[in-house]
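# Structural characterization, general
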Amino acid sequence: MKRWLKLGIVVLAAVSLVGMVFSPTAFGQPKGKPIVIGYVGNVASPGTKPCMDIQKYAVEEINKAGGILGRPVEYVVLDGKGDTSLSVEASRRLLMENKATFISIEGRSEICLAAQENSAALYKEYPHILVFNGPMASELTARIVDDYGKYKFCFRDWDPEPAHYAWLENIMGGLFKKVIKAKKVAFLWEDLAWTIMWRRGIDYLKLPTWEEVAKQKYGLEVVYSKPVKARGTMYLPILQEIANQKADVVWYVSSWFSDTEVLAKMWADSPAQKIPIYLYGGVAQTHDFWRMTGGKALGMITGFYEGDIPYTEKTLPFIALGKKLGIPLQIHVHIAYADIYHFKAAIEKAGGTDDMEKLIKAMEEVESVYSLGKMKYQTQRIKPFFHSRVMCDPNNPYHMYPGYYLLAIAQFQKDGKIAWVVDENGKALPKNYIPPDKLRK
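Residues numbered from 1 in each chain as written. Predicted model: local features only at pLDDT ≥ 70, side-chain atom pairs only at ≥ 80, totals over all residues. Heavy atoms only, no water.

## What to know about empty space enclosed by the protein
So the rule is basically this: With a 1 Å grid laid over protein atoms only, a set of points is called a cavity when a 1.4 Å probe fits there but cannot get out and a pocket when it is open yet has protein on both sides within 12 Å along at least five of seven lines; lining residues have an atom within 4 Å of a point. Grid points are joined across faces, edges and corners, and a volume is the space filled by probe spheres set on the points. Note on residue categories: nonpolar means Ala, Val, Leu, Ile, Met, Phe, Trp, Tyr, Cys or Pro, charged means Asp, Glu, Lys or Arg, and polar means any other residue, Gly included.
Scanning the entire structure with this criterion turns up three cavities of 30 Å³ or more. Considered as a void within the structure, the largest cavity measures approximately 290 Å³ in volume. Forming the walls of the largest cavity are 24 residues, and the residues nearest its centre are Gly134, Met136, Trp158, Trp194 and Ser255. Classifying every residue of the lining of the largest cavity gives eleven nonpolar, ten polar and three charged.

Structure follows, in structure tokens:
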């Protein structure tokens, strides 16, 4: 009770502070040539639209507070419709027509790789910073180590595939072994480029497959493993097979592209309905998932980013802001908002946008606190971590740096309320977990 009272006071204070800080009369109106920030993404996607909406709001905040170095910021969104060629054309327009200084690209690896080549071809005539919002694709940053002169302007606000080995202790060791007490695990993999390394292993870093980690490190028997289409999968036959194999837990390595809301509806009425499902990423990370599934998400488990845990002093105010604006705060939405303020800090450190070399160096050097930890880019020239957001030790991907990223795991329970089953420090909370069949009763 005391925790919730304290939470309410913090949130009310934060909302009041937002009203004070962003009052238009408190600062002079920004003047001069605008700094253009662009975003290319699928405006119809429940994964990317919240990123655009929160970045637009961040730009409005900055302009109300006087802009950046007294200059206004212009925010431009172009719809790539989730298509690679359309996204490349949109990023080209942002550079040639809108004269964008910063461009963010939605986190689909195939789109980001194509946009990166397009930007490299245009960089000399249209110097800019390119940020990949949420993809893994190790090639995106491995290229920067191989040819810094060509790709030095590229940054990834997310982590490459090897960095996510740092999450396995929380998931396999904490959630599967200590909370669910699982012995048998079934894997479903979103069948896109970003899951390939975990399915095949990463030879050049001597990292095994995740199935091998499950067996060798955590003593879990892998009884089922299948890549599935991000959209349009008929899950019922798959769930029947998983039930036949008597799995204790299903791990769906999903993203914001995965139709996890469809999975939830089928799972609740399938032979596998008693088997808990852990969703790796996507729209399940918010309260809105409960509405999307009509309550069929009861008992599902997910990383969650709209809860009451104050990861940093900015967490609860940001969650209150998302609620006020009606923007669901999946993990990449937290990061998209932080990106705008990272751009601002880099411009201020570089003294403007005219000297791109200074701006790139400032992007590398600036560190700030945001709602989920610390925002900083890796400067050690180690593939594929260089110019990716700092999370783990690049020389030991199993080791997560304290404070840079925090992962808490929650279960959807009665009326869509969430219960923490692994806390932000990786501590298992088995007393909070309720098996799906007991929740339904």
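Here the narrative resumes, following the displayed structure.
## Overview of the environment of Ser104
The condition that has to hold: Strands are runs of DSSP state E lasting at least two residues, helices are runs of H or I lasting at least four, and both sets are numbered from the N terminus onward. Exposure categories follow from relative accessible area, calculated using a 1.4 Å probe and restricted to protein chains: below 20% of the type maximum is buried, above 50% is exposed, and the middle band is partly exposed.
Mapped onto the elements of the fold, Ser104 is located in strand β3 (residues 102-106). Residue classification places Ser104 among the buried positions, given a relative accessible area of 0%. As for Ser104 and Ile129, which are separated by 25 residues in sequence, their C-alpha atoms are 8.6 Å apart.

## Focus on the packing of helix α3 (residues 84-96) against helix α4 (residues 109-122)
Our working definition: Angles run from 0 to 180 degrees between N-to-C directions of axes, and those axes are lines fitted to C-alpha atoms, restricted for helices to the stretch in contact. Note on convention: near helix rotated counterclockwise from far helix by under a right angle means a left-handed crossing. Clockwise means right-handed. Here, residues are in contact when the closest pair of their heavy atoms is within 4.5 Å.
At a minimum axis separation of 9 Å, α3 and α4 run at an interaxial angle of 35 degrees. For the element pair α3 and α4, the recorded crossing hand is right-handed. Where α3 abuts α4, its residues Thr84, Ser87, Val88, Ser91, Arg92 and Leu95 lie against Glu110, Ile111, Ala114, Ala115, Asn118, Ser119 and Leu122. Taken together, the residues of the contact of α3 with α4 break down into six nonpolar, five polar and two charged.

## Overview of the pairing of strand β15 (residues 409-412)
What counts is decided by this rule: Here the rule is simple: two strands pair whenever DSSP picks up at least two bridges between them.
Taking every second residue as pointing to the same face, both faces of β15 are buried, with Ile409 and Gln411 on one and Ala410 and Phe412 on the other. Here β15 runs beside strand β16 (residues 418-422); their pairing, made up of four bridges, is antiparallel. Opposite Gln411, over in β16, you have Ala419 as the bridge partner. Count of turn residues in the β15/β16 antiparallel hairpin: five residues, of which Asp415 carries a positive phi of about 60 degrees.

## Quick word on unusual backbone geometry
That bond from Lys383 to Pro384 is cis: its omega, -10 degrees, falls within 30 degrees of zero. Residue placement: Pro384 occurs in the loop between β12 (373-375) and β13 (392-393). Even without being glycine, Lys99 reaches a positive phi, approximately 55 degrees. Counting through the fold element by element, Lys99 comes out in the loop between α3 and β3. One non-glycine residue, His387, lies in positive phi territory at about 65 degrees. Relative to the helices and strands, His387 is located in the loop between β12 and β13.

## Observations regarding the environment of Gln330
With respect to the secondary-structure elements, Gln330 resides in the loop between α13 (315-325) and α14 (331-350). Given a relative accessible area of 1%, Gln330 falls into the buried group. Here the alpha-carbon distance between Gln330 and Thr286, two residues 44 residues apart in the chain, equals 6.1 Å. Setting aside residues up to four positions removed in sequence, Gln330 forms contacts with Pro46, Gly47, Pro50, Trp256, Gly282, Val283, Gln285 and Thr286.

## Some points on the pairing of strand β8 (residues 249-253)
Applicable threshold: Viewed with both strands pointing away, a crossover whose connecting path from the first strand over the helix to the second turns clockwise is right-handed.
Judged by how many residues are buried, β8 sits mostly within the fold: five of five residues are covered. Across the two faces of β8 the burial is the same, with Val249, Trp251 and Val253 and Val250 and Tyr252 all buried. Alignment of strand β6 (residues 184-190) against β8, held across five bridges, turns out to be parallel. Its bridge partner being in β8, Phe187 is matched across the sheet by Trp251. Viewed along the sheet, the connection from β8 through helix α11 (residues 260-267) into strand β9 (residues 277-279) turns out right-handed.

## Here we look at the sheet that holds strand β2 (residues 73-79)
Pairing within the open sheet is parallel, and its five strands lie in the order β2-β1-β3-β4-β5. Pairing within the sheet leaves two strands with one partner each, and these edge strands are β2 and β5 (154-156). Between one strand axis and the next, the sheet turns by 20 degrees as a mean value, whatever way the strands run. By the bridge criterion, seven bridges tie strand β1 (residues 35-41) to β2 in an arrangement that is parallel. Counted as the bridge partner of Ile35 is Val73 from β2. Sheet contacts for α14: β1, β3 and β4 (129-133); angle to β4, the most-contacted strand, approximately 165 degrees.

In short, shape yes, function no, at least from these values alone.
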